[in-house]
Amino acid sequence: MNLSKNIQKSIVFILLFISVLSFSSCMPSSPITKSDFALNTIVSITFYNSKDAACFDGCMSICRKYENLFSKTISGSDIDRINHSEGTGVEVSEETAFLIEESLKYCNLTDGAVDITVAPVTDLWNFSDIYDGKRPPEDSEIKSLLGNIDYKSVCVDGNTVSLSNPDSAIELGFIAKGYISDQIKDYVISQGVHRCIINLGGNIVTVDNRTNPESFTIGIRKPFDDNGNTIDTVKVINKSVVTSGIYERSFTCDGTLYHHIINPKTGYPVSNNLCSVTIISDDSAKGDALSTTCLCLGLDKGMELINNTDDVEAVFVTDEYELFYSENLENLYKN
């Protein structure tokens, strides 16, 4: 499977930065990183006790299990079956029903600033295929699809999911990798893993189960920097660090940047002077969802949301590379 140049650059940055993350000299062997391709990205786990790496295959099995449930592009997945049901109720896995319900909470919370039924428009933009000379869709094409974006058309009844508008379609890209990261974290802990970093294409989860855990230094990428430079770092122990940025999948046409985070109200990329939002949290699904949510809301509303959400902190980066921190971040994660 071919990756766009932007995704390739992000993957290179991720792998390079992980190689310089802090690790304990007390571990009995050198760290080992194992990587594979799933979820349309590089899945990379660094184990600080090489014996723990034996569970990597189990981690990849978890990735593929959930990819086959949550992907909208895999034929026969739960999401694919919902999107092609023509409004008929579809029996899905308990995990899919749960994740859809969790996603709808953010749709309701933001009054549709994020919307899981944005798929018809994101499919039109097709940011998975970025190439030289790519152009945005015609305005008339975008407007013709806006009527199909309405999270209120999604009904979850137990494990049955239906769309009242048969032309709507669901995508869970803003939360799925975080949810899967949490499942991998639970799995490695159950396997007795001592210390590791789980990295699903930039969704980072740190694990240290030792009696005296040590912090990991995690870098926040400088937006649009192709050399792997960081704009900031945070120090975390047993936390998730997730960044959403407009540089991850983007192209420039006639001097205008177009990126993959779409405003459901307009059908065009979000434009609010933010380049990225990084969320630190216990729960990676929450961090994943909030990073995109805050990027869509903008600095003021996004910061207000974070400061009113327990056990979550954030770093906002503007298009002028200014850094804004949530209320407790510097005290908790900068020392």
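Every chain is numbered independently, its residues counted from 1 as its sequence is written. For a predicted model such as this one, the threshold for reporting local features is a pLDDT of at least 70, and the threshold for listing and counting side-chain atom pairs is 80 or more; totals across whole chains, interfaces and linings nevertheless cover every residue. No hydrogens and no water enter the side-chain calculation; it runs on all heavy atoms of the structure.

Chemist: Where do I start with the sheet that holds strand S3 (residues 90-91) in this structure?
Modeler: Whenever strands of a sheet pair, they do so through backbone hydrogen bonds, lying parallel or antiparallel. Two strands qualify as a pair provided that DSSP identifies no fewer than 2 bridges between them. Put simply, DSSP H or I for four residues or longer makes a helix, DSSP E for two residues or longer makes a strand, and each gets a number counted from the N terminus. Sheet architecture is open: three strands sit in the order S3-S5-S4, paired in antiparallel fashion. Sheet topology places S3 and strand S4 (154-157) at the edges, where each strand pairs with a single neighbour. Pairing of S4 with strand S5 (residues 160-163) involves four bridges; the strand directions are antiparallel. Looking across to S5, one finds that Val156 is bridged to Val161. Residues count as neighbours in contact if any of their non-hydrogen atoms are within 4.5 Å of one another. Between N-to-C directions, angles span 0 to 180 degrees; the directions come from axes that are lines fitted to C-alpha atoms, helices contributing only their stretch in contact. Seen against the sheet, helix H4 (residues 94-109) touches S4 and S5 and runs at an angle of roughly 130° to S4.

Chemist: It is not clear to me how the nonpolar core should be interpreted in this structure. Could you clarify?
Modeler: The tendency in soluble globular proteins is for nonpolar side chains to be buried as a group. Side-chain atoms within 4.5 Å are what join buried Ala, Val, Leu, Ile, Met, Phe, Trp, Tyr and Cys residues into a set we call a nonpolar core. Burial classes follow relative accessibility: with a 1.4 Å probe on protein chains only, a residue under 20% of its type's maximum area counts as buried, one over 50% as exposed, and anything between as partly exposed. Counting 66 residues, the largest nonpolar core has Ile100, Ile170, Leu172 and Ile184 as the members making the most contacts within it. Looking at which element gives the most residues to this core, the answer is helix H2 (residues 56-70), with eight residues. Among all residues touching Ile184, those that are not within four sequence positions of it are Ile45, Cys59, Ile62, Cys63, Ile198 and Leu200. Core analysis: the second largest hydrophobic core is formed by 15 residues, Ile231, Val234, Val236 and Val315 among them.

Chemist: What is the right way to look at the packing of H2 against helix H7 (residues 176-190) in this model?
Modeler: A pair of packed helices can be characterised by two numbers: the angle between their axes and the separation between those axes. One can describe the packing of H2 onto H7 by two numbers: an axis separation of 10 Å at closest approach and a directional angle of 150°. By the angle between their directions, the pair H2 and H7 is classed as roughly antiparallel. H2 and H7 meet at a crossing whose hand is right-handed. For the pair formed by H2 and H7, the contact residues are Gly58, Cys59, Ile62, Cys63, Tyr66 and Phe70 on the first element and Ala176, Tyr179, Ile180, Gln183, Ile184, Tyr187 and Val188 on the second. Ten residues, namely Ala, Val, Leu, Ile, Met, Phe, Trp, Tyr, Cys and Pro, are considered nonpolar, four, namely Asp, Glu, Lys and Arg, are considered charged, and the remaining ones, Gly among them, are considered polar. Residue composition of the contact of H2 with H7, grouped by class: eleven nonpolar, two polar and no charged. Any angle from 65 to 115 degrees is called roughly perpendicular, while one under 35 is roughly parallel, one over 145 is roughly antiparallel, and all others are oblique. By convention the crossing between two helices is left-handed if the near helix lies anticlockwise of the far one by an angle smaller than a right angle, and right-handed if it lies clockwise.

Chemist: Hey, could you run me through the pairing of strand S8 (residues 216-221) in this one?
Modeler: Regular strands place side chains that alternate from one sheet face to the opposite one. With five of its six residues buried, S8 lies for the most part within the structure. In this structure, S8 lies alongside strand S9 (residues 230-236), joined through six bridges in antiparallel fashion. Looking at the pairing, Ile220 lines up with Asp232 of S9.

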